[in-house]
Structures are given as structure tokens and as C-alpha cells.
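Fold and contact review
Below are the chains, spelled out letter by letter.
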Amino acid sequence: MKFLNKIIHELLAQNPDLSEFNIVLPGKRPIVFIRQILEENNYSGFLPNFFTVEELIDRIADKQPVQGISLWLFAFDVYRNLGLIPKDDFADFLKWFPTLQKDWDDILKFSDSDEAVLQYMFDEERIKEWAQDLGEDDDVPRKKFLNFWQNMNIFLPVLKKKLKEKNWATSGMIHETAKSKIVDFAKNTSEHFVFCGFNAFTPVEEKLVRSLLQWNKAQCFFQADRYYFDDERQEAGKFLRNHKMWKEFDDDRAFQWIEDDFNQPKNIKVYEVSGNVTQTKVLPEIFKEIENKTYSNTAVVLLDENLLPASLDVMYEVDNLNITMGFPLKNLSFSNAVKQLFYLQKQLEKNKSSYYYRDIFPILEELPKSAEDETIISNFRTKIEERNIVYISRKLLEELLSGLSYYGLLKKADHTGVYLDMLISFCRDIKWLEIDDIQYENVSHFENAFRIIKNQVSPYDFEIKMETLEILINQHVNSESIDFQGEPLRGLQIMGLLETRLLNFENVIMLSVNEGKLPLGNSQNTYIPFDIRRYFDLHTFLENDSIYAYHFYRLIQDSQNVHLLYNALSSGVNTGEKSRFITQIEMESSHPIEHLIIENSSEPIASMPIEIPKTEIVMERLEKWKEKVSASHLTSYLYNPIDFYLSKILKTSETDEIEEELSVKNYGNLVHYSLQEVYELLKCKVLKEKDLQNSIKDIDQYINVAIEKLKHQPEFYEKGMNYIHRAIAKKVIENVLNHDLELVRSGNTLEILDIEKRFENVDFYLDGHDKISFLGFIDRIDRLNGTLRIIDYKTAKIKNLTVKIDENNVTDYFHNSERKQALQLCIYHYVVQNLPEFWGLPIETGIWSFAEAKKGVVSLQFEKGSIDDAMMSVKNLILEILNPDLSFIENIRTYSN
């Protein structure tokens, strides 16, 4: 800590009793390092007083600071009592006031008169110059702009007056008040102030420092470097060059200090990294280059706070860590659940009859829960997924979740105050559960926030809607962070850029050195245009760029090893562009810079197909399987032997998932079940025209029965794509019935013999006495003009129903998944001819495709070979499955254009 050491030695040389000094710092972080330096110098006196410059100005102004929720509530109360138009409610007010308040604070801090700036914004003649072509209607932007600033010229002066009456002040008002008191303070104070490491000052801060210097009651220590100080082109030295021109720095009082550290030898490495989180994966390799394995003189600077969790994951081998940046509350699961709770409440205001399952599931998943709650939630999910309920009725929700400890939070809130009380109570109860420390902190932050909001809202009589409460909570979530505890003087330091002020490290590792992160660029959230900010000397993004440039150069000027990593990938708002500061040191500095490209390899992982040997246990399972073999088992094996092993041998199944849009499988089931209901009533009779005409009229009734079978809710099919799927299903069923109707009208004799015919224990001999038994269901068996038809319904189109078997391919003809439809029909043919009730009848097998329903049944044709040859091929397939020497090997399918 070269700079801090230099300051302490200078002060000790002036006075061995440091308690005479008031040290003013840009932030609190350096205080622990100053204490360490004093300890190393065996200082045994009283410590100096420490202030931030904001604390010193607050002390001079002697006003009660007000900000955040309390300020917003007070300001809205003032706004609504003025009766301005538009008459915004609190939710609308919050959409613009926080941004306006920051602008107002800037005006109060940097301009001589806030009233002059406000009047200038309302200067219609000026606005006409750039808005003359926008028209004169009240809705055009120029009118809206003028109305807004007309209101602000009334509202902000009244707000300032009301705040002063309560001795409250915003940040800008504190600066304005302090401005008039600084001269007297500097003249009358008996204290001595030491300003350390400052760069940019607000006008009030500059007036304070210069006034104290004039009365010889202060001294300043700046940390400048000739590299950027002497070069007028370097934005990093912009403010320091201005400070050196103060008349207070003369022959008697030198400007301290301008060093020449940046040009000293340094190892600078720039890493172009493919991916944001990938940057953190480079850290362990960088750590290997650092000789001091305690990392006591190393800082990891994260310009993107979202990289903190990923960075900590790769630092598990570092013994001592000190994290001086907070972990954002918004990134934690409980924060997401709270957001979801408020979103749910807004949805319940729109739809009071049911809950959308996606609004409920994330809340149940992310909120901390007891073991009893876990059981209730598990049962709830199972039933909702089983029945595919997309919109859950209030009655069903209460039936399934009423035992949940926080069920009240899921119901429509009667009043925001009551809901806040429930949230506070819920947070208090959660802390008794076994939750980790970070989640405990997260919950505690929210409990505190809910209490603050409740207390702040209570004095006011205006209504706080749920939407407004959500905005307040989101503002809190986005601005709060969880602080970490660590050993500040030992080990690796992890910090944001602003936490590095006054501190120096031998090794600096900086992540996310991208445009938009360093510097932030033109991302100011403001209502005041750039030209007006320049006109009234308010800070613009240009001044902010200069501030960031100083922090960057100052941090690396005293370091020896600098590692700069940036994300080269363009995704989302990230442009993948490296910071201009990297380009500057590449082009302007004399340092050799090593460039490394770190690629996030996207090559496909070369993996061997899964292979499962047929062990003794597997063979035992296969022996059991032989007792009940279905055609679908064999088609599953053809598609992928591993799928066959998992589902048919291990008896595993996929978990249920809620379908918002009817899947292909369930679309097929819908048609299938509907046809089953139709023909079940026509079974065992010769069909007549009237039978089929009546069935066509009642199709909707049959579809409703099918929907019940699927355990779907009727409203699932009332809108959107599912409405269309239902209509298509109805058309398919009509086409099937009309096809049968035409057959009957044409004089054919059509008799329905069976629907969903179940068969089992149909033996099929393999070798010797070894056999398997077929089991399954045949969708439809009818008799057309004396010929027995075995019909299987398919959602897909018909494929390869012409069989060509000869002595060359008989052994492996059905070892091909492209022929699985023919395989299934051959098995049905074999089964039916072995069923006593169908002996001696001519048999025809075929498929009726829902995709081509008007075609009717497409029959299996034997161009070569016979059913006996086909079953010989089926036997060989089954023998392959049962062969202990052949493992189940995954069928990896490759896809190409």
C-alpha cells in the first residue's frame, strides 16, 4: 500500500500524535489498511478521526438525509395534493420520480440554481427549435415534454419547501445547504483535515477543500502519475490537472504527489475469452503464476458483479478470501420467489377464477419449506402433472394445498397491508428452518424491507396497490446486496472497481474489461439532454468516463503484474468489444503486452455408445420378459436397444410433464379413444348407414369422453392451438366414419367384431421347446365382405407396408426400424390366425393413418415371401435380444442436412 504508507509517514513527520488529524477518504475501505500500517510502524497513540467526504458535508449541512421509499412516499403525497395533471397514482409516479430525483440532485450539486435549470427545461422557444415539425396536438412529444417540465417547475420547489419544513434533505439539498455554510465552517473550525486520494469533486466538495486550504486547516494528497497527468490527451488526468491549477497550490504549498510509476516495468497480459463465465475458469491458471501463494498482495477486480458466484467456485483452493463487494439479492432463489409472489397477485387481479400452473410451480420450488410442506407440494405436482392441468381452479388449489404453511400467500390478497403482515410472519417462520447462511441473510433482508415499507406507508392515507408494492420491492431487490465477512488484511482480495480507491496491489486481475463495463459509456438514466447538462456543468457520461479512466490507470500504475480479461462473445446486451482502455495502453504505452486467446471449446464430446452387457441378472429379467412380449417392445428395440432395456427390462418410465400444447402422442390418443368410444357402441353388428350417420352427429360427445380418459380438463381445448388440435381430431374422426359410411352405401357388408381386442399367452416357438408369449391390443377387428381385417391406428404416415422377403434377407429383414409398421402387422397376423375364434377365416392386416384418414385402411402386401417367412425374421430378432453374447448397444443417430 505504497500511497497510504507515504501519507502516514508524512503525517507522522508533521505530528507524532495523529489524533490531531481528521482523515477524509473517498470510501471506508482503506481505513483497515491505515490501521495495519500504523501497527507496523509501532504507533501507540490515539487514532485519527476518519470521514468520508459525504459524511463531512452532511455534518456541515446539519440536515436529516432522506432517500428511497420514505422520500418517494413523501414526494407523492406532495404531488397529489398539488392536483397536477396527469393525476398519476403512486405506481405511475414511481415510474418517473426516482429518475427525476437523481437529475434534481445533480442539478442541486453542480448548478448555481436549480430553478434556472428547471425553467430552462420549460423554455418553449428553445424546444420549438428542435421540435418544430412535431405538430401541435396535446399527444405529441413536444406537448408532453412541456407539460412534464411545467409540472416540475411547480412540484419540485414545493417539495423542497416541504422537506425543509421537516429539516429533511435529499443528497442534492444537503450539498446546496452545505454550500452556504462552508466559508463559516472553514473559518471557525479548529480541526485539521487531510484529504486523501480524491480525483473528481462536486462544486461543493471543491469549495470545502479549497476553503480549508485557504485557512491552512487542510492538506491534500493526490495520487497522480506523470503518464496520464502530463499528457493533455489522457482523460484519466482531466480532474487532477484542473486541481493543480487551484490558486491554493503555490510555492508554499505544493501539489502532492505526481509519481512516475506507470512507466516502470510491468507484465501486462490481455486475455480474449470466449464467454462471460469462462473468464472465471482462467483464474486458477493465473494464480499458478503468482509466487506468493498467500495472495496477500493480489486483487481480483470484478467489473460485473454477477461473476462473483462463478469466481468463488474456482477459488476453492485459496485459503483466505476477503470479499468487499456484495452479492446481489436479485440473483438468489428467494428473491425470485418473492417476485413471483407479487406477479401471481397481479395475475389474480386479472383472472379470479383460476391459477396458471407456471405462476405457481416456481414459487413452490424456490421458497424454503419444511418436510411437511415438501410432501404436500410433491403430491400437488404429481396430481397436476398426471391430469395435465394448465389452469388450476381455486377450489382444486385449496383442496391440494390448503395444508401448506404459507398457503395464505397464494390466495388473492384483500389488502396490501394484510399481505405485508403475512410476508413478515412468513419470513420470521422461515428462519427457524434448516437453511444455509446466504439464504438466511436473504430472508432477513426481505423481512427488514417488508417492515420498513409497512412502517413508511402507515402514515399516509393513499392506497398502495399490489403493483405499487411490487415496484417498491423490486427497487429494494435491485439495490440491495448481501455483505460477506472476511479477513481484510490477509489473503486474496475480491472487489469492485470503486473499492480499490487508495489501495495498491502487486498483482491485479481484472475481469469483464469490456466497453459498457469499463467505462460504462453513455448509459445515464436521465431526463436532462446531454447539451443541457453540458450548458449547466452537470456531469455527463464524458466526465464519468474520465473518472473510470482514472480508477483504471491508478490501479495498475503501482502494480507489477496486470491481467486484463474481457468477454469476446457478442450475446444479449454484451457487444463482445474490449474496453477502449485496453486499446489505449496497447497503442500509447511503452509496455510490452502479451495477448492470449482463450477459447471456450464447443467441439462435440466424443462419447462411445452406451453398452450394457447381458449379465446373469439381465438374462433373468429377459426370461421374465419372454412371458409377455408385445410388438411395441420389438419396435422399441429396433429404434434403440438402450431404450428397450431401460423401459421394458428395467421398467423405468419418463416423468410426467405438463403439456400446454397437446403433444403428438396425446393427439393420437385423443383420436384413438374417441374412435374406441364410437365403435364400442357398434360392436358385434353389421353396420347400417343410420348407425354411422348418428355417430357422426355425436362426435363431440365421444371426444369429451376421450378427454376424460386422458384426464384433461375441457377448458384445455377451449382456445389457442389446443382448440385447433381438437378441431383437427374431430375432422379425422369424421373422415374415418365417412369412409366406413361410403363402404356401406356402396353395398359392402361391414361388421365390427372387436375394439381394443386384448390377447395374451399366444405362444411363439423359437428353437426346440424355447418359446415366448405374445401380449397386446389390436385397435380394431372387423369383417368386410367376409374378409377378417386386423386394423392398427397410427398418427404417423404409412411407411413400407410392402414386404419383400426371400432366402437372402429372411434372417434379418426386420432388423430395420424403417420396417417396424410391417413387423407389427405380421405379429398381429400371426396372433389372430392362432386365436380359436378366428380359425379358418381369410385375414387381411392394415394400418389406418390419422394423417391420411380419407385413404382408409392400407393393407400389408407380400410381394415376396409369406407370413411364415416374416415370422422367421421376427424369430431371429427375438433371438438376438435373448442372445447373452450380444450386449445392448446404444443406437446413436446422426442428423445431417
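Conventions adopted
- Residues numbered from 1 in each chain as written.
- Predicted model: local features only at pLDDT ≥ 70, side-chain atom pairs only at ≥ 80, totals over all residues.
- Heavy atoms only, no water.
- Salt bridge = Lys/Arg side-chain N within 4 Å of Asp/Glu carboxyl O.
- Buried < 20%, exposed > 50% of the residue type's maximum accessible area, 1.4 Å probe, protein only.
- Helix = DSSP H or I, 4+ residues; strand = E, 2+ residues; numbered from the N terminus.
- Core = buried A, V, L, I, M, F, W, Y, C linked by side-chain atoms within 4.5 Å.
- Contact = heavy atoms within 4.5 Å.
- 1 Å grid on protein atoms, 1.4 Å probe; cavity = no way out; pocket = protein on both sides within 12 Å on 5 of 7 lines; lining within 4 Å.
- Points joined across faces, edges and corners; volume = space filled by probe spheres on them.
- Nonpolar A, V, L, I, M, F, W, Y, C, P; charged D, E, K, R; others polar.
- Patch = residues over 30% accessible without salt bridge, like charges linked within 9 Å, V, L, I, M, F, W, Y side chains within 5 Å.
- Areas by Shrake-Rupley, 256 points an atom, 1.4 Å probe, with all protein chains shown as cover.
- Lys, Arg positive; Asp, Glu negative; His and termini not counted.
- Charge placed at Lys NZ, Arg CZ, Asp CG, Glu CD.
- Pairing = 2+ DSSP bridges.
- Axes fitted to C-alpha atoms, helices over the stretch in contact; angles between N-to-C directions.
- Parallel < 35°, antiparallel > 145°, perpendicular 65-115°, else oblique.
- Arc of directions from axis to C-beta.
- Polar contact = N/O pair within 3.5 Å; in protein donor to acceptor, adjacent residues only side chain to side chain.
- Right-handed = clockwise from strand over helix to strand, strands pointing away.

1. Some details on the pattern of salt bridges
Side-chain pairing between opposite charges can occur once the charged atoms of the two side chains come close. What the rule picks out here adds up to 57 salt bridges. For aspartate 782, the salt bridge is made with arginine 780, and the minimal N-O distance between the two is 3.0 Å. Of the two residues examined, aspartate 782 and arginine 780, each falls in the buried class. A salt bridge links glutamate 818 to lysine 799, with the shortest nitrogen-to-oxygen separation between them at 2.6 Å. Of this pair, glutamate 818 sits in the loop between strand E25 (802-804) and helix H32 (820-833) while lysine 799 is found in the loop between strand E24 (787-794) and E25, placing the two residues 19 residues apart along the sequence. When salt bridges with common partners are traced through the structure, they connect Asp740, Arg780, Asp782 and Arg789 into a single cluster.

2. What to know about the nonpolar core
Residues Phe155 and Tyr679 are the most contacted members of the largest nonpolar core, which totals 236 residues. Per element, the largest residue contribution to this core is 11 residues, and it comes from helix H5 (residues 90-110). When near neighbours in sequence (up to four residues on either side) are disregarded, tyrosine 679 contacts Leu687, Val736, Leu737, Asp740, Ile752, Ile755, Arg780 and Tyr793. Ranked by size, the runner-up nonpolar core spans 54 residues in total, among them Tyr637, Val831, Leu835 and Leu882.

3. Some words on the layout of surface pockets
Any space left empty among the atoms is revealed by the rolling of a water-sized probe across them. Here the second largest pocket is characterised by a volume of approximately 1,800 Å³. Mapped by element, the contributors of at least two residues to the lining of the second largest pocket are helix H26 (631-639), helix H27 (641-649), helix H28 (664-680), strand E22 (750-765), strand E23 (771-784), E24 and H32. Residue composition of the lining of the second largest pocket, by class: 12 nonpolar, 16 polar and 11 charged.

4. Looking at a nonpolar patch on the surface
Among the surface-exposed residues, Met721, Tyr723, Ile724 and Ile728 lie close enough to one another that they form a single nonpolar patch of about 380 Å² accessible area. Checked against the element boundaries, methionine 721 lands in helix H31 (residues 720-745). When its relative accessible area of 42% is taken as the criterion, methionine 721 is described as partly exposed.

5. With respect to a negative patch on the surface
A contiguous patch of negative charge, built from Asp436, Asp437, Glu441 and Asp483, is present on the exposed surface. As for its placement among the helices and strands, aspartate 483 is situated in the loop between strand E15 (481-482) and strand E16 (492-495).

6. Quick look at unusual backbone geometry
A cis geometry characterises the amide bond from isoleucine 85 onward to proline 86, with omega recorded as 5 degrees. As for its position among the elements, proline 86 is in the loop between helix H4 (68-81) and H5. Of note, the phi angle at asparagine 167 is positive, near 60 degrees, even though the residue is not glycine. With respect to the element layout, asparagine 167 can be found in the loop between helix H8 (141-165) and strand E4 (168-169). Given the relative accessible area of 36%, asparagine 167 is considered partly exposed. With phi around 55 degrees, asparagine 785 is a residue other than glycine that occupies positive phi space. One can find asparagine 785 in the loop between E23 and E24.

7. Digging into the pairing of E23
Most of E23 sits out of view: 10 of its 14 residues are buried. Pairing geometry for E22 and E23, over 12 bridges, is antiparallel. Opposite leucine 750, over in E23, you have leucine 784 as the bridge partner. As consecutive antiparallel partners, E22 and E23 are separated by 5 residues, and within that stretch glycine 768 has a phi angle of approximately 65 degrees, a positive value. Relative to E24, E23 runs antiparallel, the two sharing 5 bridges. Looking across to E24, one finds that isoleucine 781 is bridged to isoleucine 790. Two successive antiparallel strands, E23 and E24, enclose a turn made up of 2 residues, where asparagine 785 displays a positive phi of approximately 55 degrees.

8. Regarding the packing of helix H3 (residues 53-61) against helix H9 (residues 171-188)
Closest axis-to-axis distance for the H3/H9 pair is 8 Å, and the angle between their directions is 80 degrees. What the angle tells us is that H3 and H9 run roughly perpendicular. On H9, the residues touching Leu56, Ile57, Asp58, Arg59, Ile60 and Ala61 of H3 are Ile174, His175, Thr177, Ala178, Lys181 and Phe185. Along the lines of polarity and charge, the residues of the contact of H3 with H9 split into 7 nonpolar, 2 polar and 3 charged.

9. Some details on the sheet that holds strand E2 (residues 49-52)
The 4 strands lie next to each other as E2-E1-E5-E6, forming an open sheet whose pairing is parallel. Every interior strand has two partners, whereas the edge strands, E2 and strand E6 (218-221), have only one. Taken over all neighbouring pairs, the strand axes of this sheet differ in orientation by 25 degrees on average, direction set aside. Note: strand E1 (residues 21-25) against E2, 4 bridges, orientation parallel. Pairing of leucine 25 across the sheet is with threonine 52, part of E2. H3 contacts E1, E2 and strand E5 (192-196) of the sheet and is inclined by roughly 90 degrees relative to E2.

10. Focus on the sheet that holds strand E17 (residues 507-511)
The strand order across the open sheet formed by 7 strands is E11-E16-E10-E17-E18-E9-E19, and the pairing between neighbours is parallel. Either end of the sheet is taken by a strand with one partner, and the two such strands are strand E11 (321-323) and strand E19 (593-598). Strand-to-strand twist in this sheet, taken as the mean axis angle between neighbours without regard to direction, amounts to 15 degrees. Pairing of strand E10 (residues 298-302) with E16 involves 3 bridges; the strand directions are parallel. When the sheet's bridge partners are listed, alanine 299 is paired in E16 with glutamine 493.

11. A short note on empty space enclosed by the protein
The final tally for this structure, using the stated rule, is 2 cavities of 30 Å³ or more. Roughly 60 Å³ of volume is contained in the largest cavity. Lining the largest cavity we find Lys2, Phe3, Lys6, Phe222, Gln223, Ala224, Trp257, Glu259, Asp261 and Asp558. In terms of residues, the lining of the largest cavity owes the most to one element, helix H1 (residues 2-14), which gives 3 residues.

12. Here we look at helix H29 (residues 689-697)
Residues spaced three or four apart along an α-helix point in a common direction, a consequence of the helix completing one turn every 3.6 residues. Taken together, the buried positions of H29 are occupied by Asp691, Leu692 and Ser695. End-on, the buried residues of H29 take up no more than an arc of 90 degrees, which puts them together on one face. Seen from the buried face of H29, the exposed residues on the opposite side, beyond 90 degrees, are Lys690 and Lys697. For H29, the elements touching its buried residues are H28, strand E21 (685-686), helix H30 (699-709) and H31.

13. Quick look at the packing of H3 against helix H10 (residues 203-214)
Packing of H3 against H10 brings their axes to within 11 Å, and their N-to-C directions diverge by 80 degrees. Here H3 lies roughly perpendicular to H10, going by the angle between them. The residues of H10 that touch H3, namely those facing Val53, Leu56, Ile57 and Ile60, are Val204, Glu205 and Leu208. Looking at the contact of H3 with H10 residue by residue, the class counts come to 6 nonpolar, no polar and 1 charged.

14. Description of the environment of phenylalanine 50
Note that phenylalanine 50 resides in strand E2. Here the alpha-carbon distance between phenylalanine 50 and isoleucine 31, two residues 19 residues apart in the chain, equals 7.6 Å. Not counting residues up to four positions away in its chain, the partners in contact with phenylalanine 50 are Ile23, Leu25, Ile31, Ile34 and Glu55.

15. Considerations on the side chain of aspartate 225
Relative to the assigned elements, aspartate 225 resides in strand E7 (residues 224-225). We note that aspartate 225 is buried and unpaired, the nearest opposite charge coming from lysine 266 at a distance of 7.1 Å. A distance of 2.7 Å separates a polar atom in the side chain of aspartate 225 from the backbone nitrogen of aspartate 261. One polar contact links the side chain of aspartate 225 to the main-chain amide nitrogen of phenylalanine 262, over a distance of 2.9 Å.

16. Quick notes on the pairing of E1
Within E1, 5 of the 5 residues are buried, which leaves it mostly tucked inside the rest of the structure. Alternating positions in E1 separate into two faces, Phe21, Ile23 and Leu25 on one and Asn22 and Val24 on the other, with burial throughout. In this sheet, E5 lies alongside E1 in parallel orientation, the contact comprising 4 bridges. Looking across to E5, one finds that valine 24 is bridged to phenylalanine 195. You can see the chain leave E1, run along helix H2 (residues 31-40) and come back into E2, and the turn it takes is right-handed.

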